[in-house]
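Residue-level structure breakdown
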Amino acid sequence: MYQLEPIKKTKQVIASIPNLCSALDITIDELNKALSLSSEERYVQGKVSKSDGSYRDVYNPHNLIRKIQRRINRRIFIKLVGWPSYIFGSIPNNIDKNGKVLEAKDYVNCAAQHCLAKSLLKMDLKDFFNNIHIDHVKEMFEKFFNYPKDVSEALSNICCRGDSLVQGALTSSYIASLCLWDLEPHLVKRLKRKQLIYTRLVDDITVSSKISNFQFDMTIEHITSMLHEMDLPINNSKTKVAYTSIEPLTVHGMRVNFKEPRYPSDEVRRLRAAVHNIESLASEPGYRVTFAYRKDFNRCMGRVNKLKRVEHEKHQTLVNKLLKILPLPSEKDLKRCKASILRLETDFPLKGDTYWYRKRFYIVHDRLNVLQRTYKRTALKLRNRMKPIRPEYDD
């Protein structure tokens, strides 16, 4: 069933700051400490490379900010929001009471909405997170969730860095997906009258028509008007109109000329070549125990597993080839695992409930999966040592 508007699943509200602390299972001292941190204390700035060769600023949150943001996600955005059918990306799948996925929210299902399209419009929001102002975040908490002003201010303060969202904050993708909650449904309704399909995957907007050579001029005006209401700029260089009579239509890297989204044939050829390259590397003496091989192998397996999502016939064949040449552990891996477990045992009494302890624990757990391929008995003994120091699940 198509859902036009985001909904709040409960009429209950977080009516006060003490209620907020109770809902997030934190103390008032923790909240006050988080709110008192400066922008520089809250986030460590870094950079990641983009596909076009430029760099994007990312921010790694302070442990306390991370803890509170994670609970805001799980206890507010995931638990309380019913997401519209046209929103995709970093939001939970729509599932029934038995855990069956009714509506996947990944990029493949986003592309599927546009299958059999003959005309396509793509628009991209420029510096989306940085242009979502804290005032819009406050308004969302006040008007969509119906939280009082002090609670909305506290939540928006925790979710923002200074006056805006940032890449790296755990709550940013959820807020970005919800920030147009009062404007987007009206736009989508107008577009549906013209039999147009609209989707948004975080900052990527796609509109399609089953009419050949559809003219999107008015559609672009409508979308631009909506975004300007929020002072959100458009990356004009990435606005593109495409027609199936001229080129194969793709959405998020998937071809949509068929009843189901498909990967382009050249992408499958590249995957075959990547698997062949891994096989060649594996044949070199001693190379399967190196970190470089492990990194290349994991990247290749991740790319191949994309084919599973669309039930591609070559998926299992390529996976079977990779399973024959799994990375193998070295003596250095064995020493590193033993040292890491010793540190975990030392840190568990005081740090066992922290995010970083949990992260380290599961990194070691993954390393043991590699270790057991050669050192089976030793890996079993090390797993038994980890059982008493397993971190509790934190929601």
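Residues numbered from 1 in each chain as written. Predicted model: local features only at pLDDT ≥ 70, side-chain atom pairs only at ≥ 80, totals over all residues. Heavy atoms only, no water.

**As for the environment of lysine 11**
- Tracing the sequence through the fold places lysine 11 in the loop between β1 (7-8) and α1 (17-24).
- The class for lysine 11 is exposed, based on a relative accessible area of 83%.
- The spatial distance from the C-alpha of lysine 11 to the C-alpha of leucine 80 is 9.8 Å, given a sequence separation of 69 residues. (Helix = DSSP H or I, 4+ residues; strand = E, 2+ residues; numbered from the N terminus. Buried < 20%, exposed > 50% of the residue type's maximum accessible area, 1.4 Å probe, protein only.)

**Describing the packing of helix α15 (residues 355-371) against helix α16 (residues 376-386)**
- The interhelical angle for the contact between α15 and α16, taken along N-to-C directions, is 160°, at an axis separation of 10 Å. Considered as vectors, α15 and α16 are oriented roughly antiparallel to each other. Regarding α15 and α16, the two cross each other, and that crossing is left-handed. Across from Phe361, Val364, His365, Leu368, Asn369 and Leu371 in α15, the residues of α16 making contact are Ala379, Leu382, Arg383 and Met386. (Axes fitted to C-alpha atoms, helices over the stretch in contact; angles between N-to-C directions. Parallel < 35°, antiparallel > 145°, perpendicular 65-115°, else oblique. Left-handed = near helix turned anticlockwise from the far one by under 90°. Contact = heavy atoms within 4.5 Å.)

**With respect to the nonpolar core**
- Within the largest apolar cluster, 70 residues are counted, with the highest numbers of intra-cluster contacts made by Phe77, Phe145 and Tyr198.
- Per-element tally for this core: the top contributor is helix α4 (residues 63-80), with seven residues.
- Lining this core are residues from two domains, each supplying at least three of them: domain 1 (1-82 + 133-178) and domain 2 (85-130 + 180-262).
- In this structure, tyrosine 198 is in contact with Tyr2, Tyr86, Glu184, Leu187, Val188, Leu191, Ile205, Thr206, Val207, Ile223 and Met226, ignoring residues within four places of it in sequence.
- One finds Ala111, Ala242, Val256 and Tyr263 within the second-largest nonpolar core, a separate group that totals 28 residues. (Core = buried A, V, L, I, M, F, W, Y, C linked by side-chain atoms within 4.5 Å. Domains from an automatic or database assignment.)

**Here's the deal with the packing of aromatic side chains**
- For the structure shown, the criterion picks out 18 aromatic pairs.
- Between phenylalanine 77 and phenylalanine 141, the aromatic rings sit 6.0 Å apart at their centres with planes inclined by 40°, giving tilted as the arrangement. In this pair, phenylalanine 77 sits in helix α4 while phenylalanine 141 sits in helix α6 (residues 134-144), placing the two residues 64 residues apart along the sequence.
- Overall, phenylalanine 77 belongs to the buried group, its relative accessible area being 0%.
- Both rings, one in tryptophan 83 and one in tyrosine 174, keep their centres 6.3 Å apart while their planes meet at 45°; by these two values the pair is tilted. You can see tryptophan 83 sitting in the loop between β4 (81-82) and β5 (87-88) and its partner tyrosine 174 sitting in helix α8 (residues 172-178), a full 91 residues away along the chain. The same class applies to tryptophan 83 and to tyrosine 174, which are both buried.
- Among the aromatic side chains, those forming a connected cluster through ring pairs are Phe77, Trp83, Phe141, Phe144, Phe145, Tyr147, Tyr174 and Trp181.
- One Lys or Arg, lysine 192, reaches over the ring of tyrosine 2 and ends 4.3 Å from the middle of that ring. (Phe/Tyr/Trp six-rings, centres within 6.5 Å; stacked < 30°, edge-to-face > 60°. Lys NZ or Arg CZ within 6 Å of the ring centre and 35° of its normal.)

**Comments concerning a positive patch on the surface**
- There is a patch of like positive charges on the surface, built from Arg269, Arg272, Lys321 and Lys324.
- Examined against the element boundaries, arginine 269 turns out to sit in helix α11 (residues 265-282). (Patch = residues over 30% accessible without salt bridge, like charges linked within 9 Å, V, L, I, M, F, W, Y side chains within 5 Å. Areas by Shrake-Rupley, 256 points an atom, 1.4 Å probe, with all protein chains shown as cover. Salt bridge = Lys/Arg side-chain N within 4 Å of Asp/Glu carboxyl O. Lys, Arg positive; Asp, Glu negative; His and termini not counted. Charge placed at Lys NZ, Arg CZ, Asp CG, Glu CD.)

**A closer look at the domain arrangement of the protein chain**
- Splitting the protein chain by domain gives domain 1 (1-82 + 133-178), domain 2 (85-130 + 180-262), domain 3 (265-324) and domain 4 (331-387).
- Between domain 1 and domain 2, the contact holds 22 residues from the first and 20 residues from the second.
- Taking both partners together, domain 1 and domain 2 bury about 1,900 Å²; carbon and sulfur atoms supply 61% of that area.
- When the area that domain 1 buries against domain 2 is broken down by residue, the three leading residues are Tyr2, Leu4 and Ser177, summing to 30%.
- Our enumeration of links across domain 1 and domain 2 arrives at zero salt bridges.
- Seen at the junction of domain 1 and domain 2, the total is six residue pairs in polar contact (both at pLDDT 80 or more).
- Looking at the side of domain 1 that touches domain 2, the elements with two or more residues in it are α6 and α8. (Buried area = accessible area lost by both parts, 1.4 Å probe. Polar contact = N/O pair within 3.5 Å; in protein donor to acceptor, adjacent residues only side chain to side chain.)

**Some remarks on the pattern of salt bridges**
- Counted by the stated rule, this structure contains 14 salt bridges.
- Here arginine 270 and aspartate 266 are joined by a salt bridge, their closest N and O atoms 3.5 Å apart. In this pair, arginine 270 and aspartate 266 are both assigned in helix α11, four residues apart and thus about one turn of the helix distant.
- Arginine 270 sits in the partly exposed class, given a relative accessible area of 44%.
- Of the charged contacts, one joins aspartate 333 and arginine 294 as a salt bridge, the two residues approaching to 2.7 Å between their closest N and O atoms. Note that aspartate 333 is positioned in helix α14 (residues 331-351) and arginine 294 in helix α12 (residues 291-309), a separation of 39 residues in sequence.
- For arginine 294, a relative accessible area of 14% corresponds to the buried category.

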